[in-house]
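Each chain, written out:
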Amino acid sequence: MNGFIPALKSELFVSLRTLGSKLVVLVPSLFVIAQYLLTKLRDTGAAARDSLLGASDFDAAMANNAYGHFVDGLDTGLTLLGLLLVAQAAYSFSGERDSGAIRHLLIRSSSRRAIMLAKLLHLHLLALLSLLVLLVTSYLFSGLLWEFGAVVEDGFELISEQEIQQEIVLGLRLALLPLPAVIALGLVISVVANTSTQAVVTALGLTLVLDIFKSTLGDYGLYLYATYLPSLLDQSYLQDVSRLVRGFSDVLIDQRFLDLNNWVPLPSLVILVIVMLVLVQRRKI
């Protein structure tokens, strides 16, 4: 752990002055804003059509409920954040190795393991900042374009605002648990790859492969952290929350799925961090 603080200071210094870090923080929120605007345009056209066809008031109320759109925004933002983080993590060590910058930290008595742990902490701080921006943006814009409220049909409250908020908090917490493992995977690939380009392509490719094949693994897929991460082929609980807060009663909640969502990501993170620390000691720089 020798030289951890200088390595962390170096990471923060570089982060404030590079485009990649700014993209990780801002891109998920910008995409969510664009999604909201396009959804609002679509909903406006659909509302005009439904008024002519005599659609039910319940359908109109659901389309205008901001909680569903808020969760959709979080799901989209976290999907993009996961991809950006694994790419940024894959580039971090490999890019500095290609440019020779990593040698300066080693000369300043920062050990290889200290450098990697500093990168791990820095990427977590970056993810936290991006998440805060995403939460604020999603909440403000969903509230601006739609209205927050309970799900009501024919005067009967199907789900209260308190219950909706509890489900959102649970879904968000479960969706965030796999993110540290995503970062650690990117760092492992960053150490193993020969070039920064190879590292980024491999990290994104492996992430997409895990996303595609997780559903084909059956019960074994439940022991893969990627199963619980919001993604392009989404199986996360946050996807179910999107339906729950809209009042759908056909959502089946598997308690085993929720339990494994709580327990699987942490061992995955620990294993990947150990692999990263072992490999970086053997990597020629």
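Our subject is the structure that appears above.
Residues numbered from 1 in each chain as written. Predicted model: local features only at pLDDT ≥ 70, side-chain atom pairs only at ≥ 80, totals over all residues. Heavy atoms only, no water.

Draft legend 1. Seen up close, the packing of helix α4 (residues 66-99) against helix α6 (residues 112-145). Where α4 meets α6, the closest approach of the two axes is 9 Å, and the angle between their N-to-C directions is 155 degrees. Taken together, α4 and α6 sit at an angle that is classed as roughly antiparallel. The crossing of α4 and α6 is right-handed. Its residues assigned to classes, the contact of α4 with α6 comprises 16 nonpolar, 8 polar and 2 charged. (Axes fitted to C-alpha atoms, helices over the stretch in contact; angles between N-to-C directions. Helix = DSSP H or I, 4+ residues; strand = E, 2+ residues; numbered from the N terminus. Parallel < 35°, antiparallel > 145°, perpendicular 65-115°, else oblique. Left-handed = near helix turned anticlockwise from the far one by under 90°. Nonpolar A, V, L, I, M, F, W, Y, C, P; charged D, E, K, R; others polar.)

Draft legend 2. Looking closely at helix α12 (residues 265-282). For α12, with 18 residues, the first-to-last C-alpha span of 26 Å sits near the 26 Å given by 1.5 Å per residue. Buried within α12 are the following residues: P265, S268, L269, L272, V273, M276, L277 and V280. Axial view of α12: buried residues confined to an arc of 160 degrees, hence all on one face. When the buried face of α12 is taken as reference, the exposed residues oriented beyond 90 degrees from it are I271 and R282. Packing partners of the buried residues in α12 comprise α4, α6, α8 (179-192) and α11 (255-263). (Expected span 1.5 Å × (residues − 1). Buried < 20%, exposed > 50% of the residue type's maximum accessible area, 1.4 Å probe, protein only. Arc of directions from axis to C-beta. Contact = heavy atoms within 4.5 Å.)

Draft legend 3. The arrangement of the pattern of salt bridges in detail. Under the criterion given, the structure shown has 4 salt bridges. Two residues, K119 and E11, come together in a salt bridge whose shortest N-O distance is 2.6 Å. Taken together, the residues span a long stretch of sequence, with K119 in helix α6 and E11 in helix α1 (residues 4-15) at a distance of 108 residues. The burial state of K119 is the same as that of E11; both residues are buried. A salt bridge links R246 to D72; the nearest nitrogen and oxygen atoms lie 2.6 Å apart. With a gap of 174 residues between them, R246 in the loop between α10 (237-244) and α11 and D72 in helix α4 connect regions that are remote in the sequence. Among the residues examined, D72 registers a relative accessible area of 21% and is labelled partly exposed. (Salt bridge = Lys/Arg side-chain N within 4 Å of Asp/Glu carboxyl O.)

Draft legend 4. Spotlight on the side chain of D211. Counting through the fold element by element, D211 comes out in helix α9 (residues 196-213). One polar contact links the side chain of D211 to the main-chain amide nitrogen of L233, over a distance of 3.1 Å. Leave out the neighbours within four places in its chain, and D211 touches S231, L232 and L233. (Polar contact = N/O pair within 3.5 Å; in protein donor to acceptor, adjacent residues only side chain to side chain.)

Draft legend 5. Focus on the packing of aromatic side chains. In total, this model carries 6 aromatic pairs according to the counting rule given. Geometrically, the ring pair formed by F70 and F148 is edge-to-face, given 6.5 Å between the ring centres and 80 degrees between the ring planes. You can see F70 sitting in helix α4 and its partner F148 sitting in the loop between α6 and β1 (151-153), a full 78 residues away along the chain. Residue classification places F70 among the buried residues on the basis of a relative accessible area of 9%. On the numbers, 4.9 Å between centres and 20 degrees between planes, the contact of Y139 with F148 is stacked. An aromatic cluster of at least three residues, connected via ring pairs, comprises Y67, F70, Y139 and F148. The lysine or arginine in question, R17, covers the ring of F13, its NZ or CZ lying 3.8 Å from the ring centre. (Phe/Tyr/Trp six-rings, centres within 6.5 Å; stacked < 30°, edge-to-face > 60°. Lys NZ or Arg CZ within 6 Å of the ring centre and 35° of its normal.)

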